[in-house]
Amino acid sequence: MEIWKWVFVGVLWYAGSVLSTGAVELGRSQHTERISGSAGDVLEDDPVGRLKVFVYELPRKYNKKILQKDPRCLTHMFAAEIFMHRFLLSSPVRTLNPDEADWFYTPVYTTCDLTTNGLPLPFKSPRMMRSAIQLISSNWPYWNRTEGADHFFVVPHDFGACFHYQEEKAIERGILPLLQRATLVQTFGQRNHVCLKDGSITVPPYAPPQKMQTHLIPEKTPRSIFVYFRGLFYDVGNDPEGGYYARGARAAVWENFKDNPLFDISTEHPATYYEDMQRAVFCLCPLGWAPWSPRLVEAVIFGCIPVIIADDIVLPFADAIPWEEIGHQQQPLAPAAPRFSMRAAAKQACICRDCGYIYNDRKPFEKLPDNYFCPVCGAPKRRFREYMPAVAKNDNDTDVRKARKTQIQRDEAIGRALPIAVVVGVVACLKILKVVILRQDKSLMGLQHQQSRKFVHHLR
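Residues numbered from 1 in each chain as written. Predicted model: local features only at pLDDT ≥ 70, side-chain atom pairs only at ≥ 80, totals over all residues. Heavy atoms only, no water.

Undergrad: What should I look at first to understand the state of the cysteines in this one?
TA: Two cysteines whose sulfur atoms are joined by a covalent bond form what is called a disulfide. Applying the stated criterion to the full structure yields three disulfides. Note on cysteine connectivity: Cys 162 is disulfide-linked to Cys 195, with sulfurs 2.2 Å apart. Residues Cys 162 and Cys 195 share a disulfide whose torsion about the S-S bond is about -110 degrees; that sign makes it left-handed. Pair noted here: Cys 162 is in the loop between β5 (151-154) and α7 (167-173) and Cys 195 is in the loop between β7 (189-190) and β8 (201-202), with a separation of 33 residues, a long-range link. Residues Cys 162 and Cys 195 agree in their burial class; the two are buried. The disulfide bridge from Cys 283 ends at Cys 304, spanning 2.1 Å between sulfur atoms. The chirality of the disulfide connecting Cys 283 with Cys 304 is right-handed, given an S-S dihedral of about 110 degrees. Residue Cys 283 is located in strand β11 (residues 280-286), and its partner Cys 304 is located in the loop between α11 (295-301) and β12 (305-309); the two are separated by 21 residues in the primary sequence. (Disulfide = S-S within 2.5 Å. Helix = DSSP H or I, 4+ residues; strand = E, 2+ residues; numbered from the N terminus. Buried < 20%, exposed > 50% of the residue type's maximum accessible area, 1.4 Å probe, protein only.)

Undergrad: Looking at this structure, I do not really get the sheet that holds strand β10 (residues 263-266). What am I missing?
TA: Here four strands make up an open sheet; going across it, the order is β10-β9-β11-β12 and the pairing parallel. Of all the strands in the sheet, just β10 and β12 have a single pairing partner and so form its edges. For this sheet, the mean angle separating the axes of adjacent strands, direction not counted, is 20 degrees. When β11 meets β12, the two strands line up parallel, connected through five bridges. Note that in β12 the partner of Pro 286 across the bridge is Ile 309. With respect to the sheet, helix α9 (residues 249-257) is in contact with β9 (225-230), β10, β11 and β12, its orientation differing from that of β10 by roughly 125 degrees. (Pairing = 2+ DSSP bridges. Axes fitted to C-alpha atoms, helices over the stretch in contact; angles between N-to-C directions. Contact = heavy atoms within 4.5 Å.)

Undergrad: When you look at the environment of Ala 170 in this model, what are you seeing that I'm missing?
TA: Among the secondary structure elements, Ala 170 is positioned in helix α7. In sequence terms Ala 170 and Gly 160 are ten residues apart; their C-alpha atoms lie 8.8 Å from each other. Ala 170 has contacts with Phe 159, Cys 162, His 164 and Cys 195, leaving out every residue within four places of it along the chain.

Undergrad: Explanation requested: the nonpolar core in the structure shown.
TA: For soluble globular proteins, the rule of thumb is that nonpolar side chains tend to be buried together. Residues Val 53, Leu 88, Tyr 105, Phe 152, Ile 265 and Leu 284 are the most contacted members of the largest nonpolar core, which totals 43 residues. Judged by nonpolar contacts, the second largest core, of 41 residues, contains Leu 67, Ile 133, Ile 136 and Phe 153. (Core = buried A, V, L, I, M, F, W, Y, C linked by side-chain atoms within 4.5 Å.)

Undergrad: Can you help me understand the pattern of salt bridges in this one?
TA: Two side chains with opposite charge may pair up if their charged atoms get near one another. This model, assessed by the stated rule, comprises ten salt bridges. The shortest N-O distance in the salt bridge between Arg 279 and Asp 276 comes to 3.3 Å. For Arg 279, a relative accessible area of 28% puts it in the partly exposed group. Note that Asp 354 and Arg 383 form a salt bridge whose closest N and O atoms lie 3.0 Å from each other. Of this pair, Asp 354 sits in the loop between β14 (350-352) and β15 (358-359) while Arg 383 sits in the loop between β15 and β16 (384-386), and the two are 29 residues apart along the sequence. The exposure classification of Asp 354 matches that of Arg 383, with both residues buried. Among the ionic contacts, a cluster of salt bridges with common partners joins Glu 167, Arg 247 and Arg 382. (Salt bridge = Lys/Arg side-chain N within 4 Å of Asp/Glu carboxyl O.)

Undergrad: Teacher, can you tell me more about the side chain of His 85 here?
TA: Relative to the helices and strands, His 85 is located in helix α4 (residues 80-89). Owing to a relative accessible area of 5%, His 85 belongs among the buried residues under this scheme. At 2.8 Å, the side chain of His 85 and the side chain of Tyr 109 are in polar contact. If sequence neighbours within four positions are ignored, His 85 has contacts with Val 55, Asn 63, Lys 64, Tyr 105, Pro 107 and Tyr 109. (Polar contact = N/O pair within 3.5 Å; in protein donor to acceptor, adjacent residues only side chain to side chain.)

Undergrad: Where do I start with the packing of aromatic side chains in this structure?
TA: In this description, a pair of aromatic rings is defined by centroid distance and the angle of the planes. Inspection of every chain in the model, using the stated rule, returns 22 aromatic pairs. A ring pair is formed by Tyr 274 and Phe 302, whose centres lie 5.5 Å apart and whose planes are at 50 degrees; its orientation type is tilted. In this pair, Tyr 274 is assigned in helix α10 (residues 273-278) and Phe 302 in the loop between α11 and β12, connecting sequence segments 28 residues apart. Of the two residues examined, Tyr 274 and Phe 302, each falls in the buried class. Taken together, the ring pairs in this structure connect Phe 54, Tyr 56, Phe 104, Trp 140 and Tyr 142 into an aromatic cluster. Sitting over the ring of Phe 83, Arg 86 keeps its end group 5.5 Å from the ring centre. Residue placement shows Lys 381 over the ring face of Phe 365; its charged tip is 5.5 Å from the ring centre. (Phe/Tyr/Trp six-rings, centres within 6.5 Å; stacked < 30°, edge-to-face > 60°. Lys NZ or Arg CZ within 6 Å of the ring centre and 35° of its normal.)

Undergrad: Would you take a moment to explain the sheet that holds β16 for this structure?
TA: Two pairing modes exist for strands in a sheet, parallel and antiparallel, and in both the strands are linked by backbone hydrogen bonds. What the three strands build is an open sheet, ordered β15-β14-β16; its pairing is antiparallel. Lying at the two open borders of the sheet, with one neighbouring strand each, are β15 and β16. Alignment of β14 against β16, held across three bridges, turns out to be antiparallel. Paired with Cys 350 across the bridge in β16 is Glu 386.

Put into C-alpha cells, the structure is as follows:
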C-alpha cells in the first residue's frame, strides 16, 4: 500500500502550486517557467522534473537518533514527519544541488520525544526547532535570503507549530516566531485558530499501512453495524465537570444515542476495533480535546462512511478534495430548524457556544479586542457566534443560561454537526489517498441507502 507516498507527493505539489514556485526544466540553456493552478490540477501531473526539493543533512540528534531511542514514533499519528523525510530521501524530486531547489526541507522529529503515555514532550520541541533553524541559517545561505519563505517544516503536533498538546498552553505559546514565514505541513486543524498558520498544508494523521492490512477482513463481509464508535465520551480526569471536553459533542452523542439500537457506541476499545469498522456503515469521528484524530483516515481505509462532528474543522487536501460537496450530495430529509439559531438580527448580540452567555452590550461585538474572553467560562472570542432571538433581561441568569447551554450543545453538536456526514467517494479516495475501499454489490448498496435515510431521520 503506497498511501503515504502519494500523500507526500500531493503535499509537495500543493505547496508548489499555492506559492507558484515550482519550475519546469526546459533545458540547460533555457529559462524555467512558473507552475500555477490548484492542487487538484497539478496532482494529475508527474512532479518528476518539475519540482526540486533540497533536504538538509542535519546531525542525527535531530531525527534518526531520537527515533532509535523510541521506535513508538513509527506508528503514532504524528509519524508524518518521519515518513516525509524517508520519502524525500529517495524521491526523484530530491536535488543534491541547493542552488536549483524550489523548496528546502528541514527534517526535525519534533514529536518523537514521547512521554510514557505517548504524548510529545512540549518543552523540547521548540528548542529543537530553534536549534535546527540556527544550524541551517549559519551553515547555508538559503534561509537568510527569504527568512525561510521557501522552506517547509512538518509539525504534526496536536496544535501544530505552537508545540503543545494542551490547547490553553498552545494558544498562550503561539506559533514559533521563527516559523512565521515558512510553510507548515501539519495534521487536522481548526479555522481561525491561533495555532493554524495561514497557508499551512493540512495532511491526514498517519495510519500505519502494515497495521491496517493485517486487520483486513473478507470483502463480502456484511456491514451488520449501522453506526460505530469507540472512545471517551467524558474526560473526567481532565474535565471533572464534563462541560468542556469535546465542546460537549461527545457527551451529547452518548446522552442522545446510548440506548438507540442502531448505534454501537461504547468507551471500551476491543481487540477487533478495526474489524468492527469494516462491518459498520457509519463511523463517528467526533472531536476530542482537538478537532482531529486518525479516525477519519481509518474509516476511509476500511470503507466506513465517516461522520465528522467538529466545528470549523480543516480537512486534509481541502483544495483538492471537495469534502463539503461530497458530504452534501444527498439530503434525504430537510434539517430541522435549531431551537437556538446562531444568526443575529442585532449586531451586538452574540452567544458563547461553550456556556450559553449572551453578549448584548452597546459596543458591537466585532469591535471588541481579539483577546476578549467570555466573562462566565473564559472562552476566547472565536467561540462566540451571532445570536438571533430577542434577548431578555434574565437571559444570563445562571439557571436560564445553563438550560440554554444544554440546548445549544444538543442542537449544534447533534442537529448541525452530525448531518454533515462526509461520504468519501471512491474517485476521491483512489486519487488522493490510494486507500482500499471495500466493494459492495448493488443489493447491499441499495440496503445501505435505505439505512442512510433512516439514520438521518433518527438524527433529526
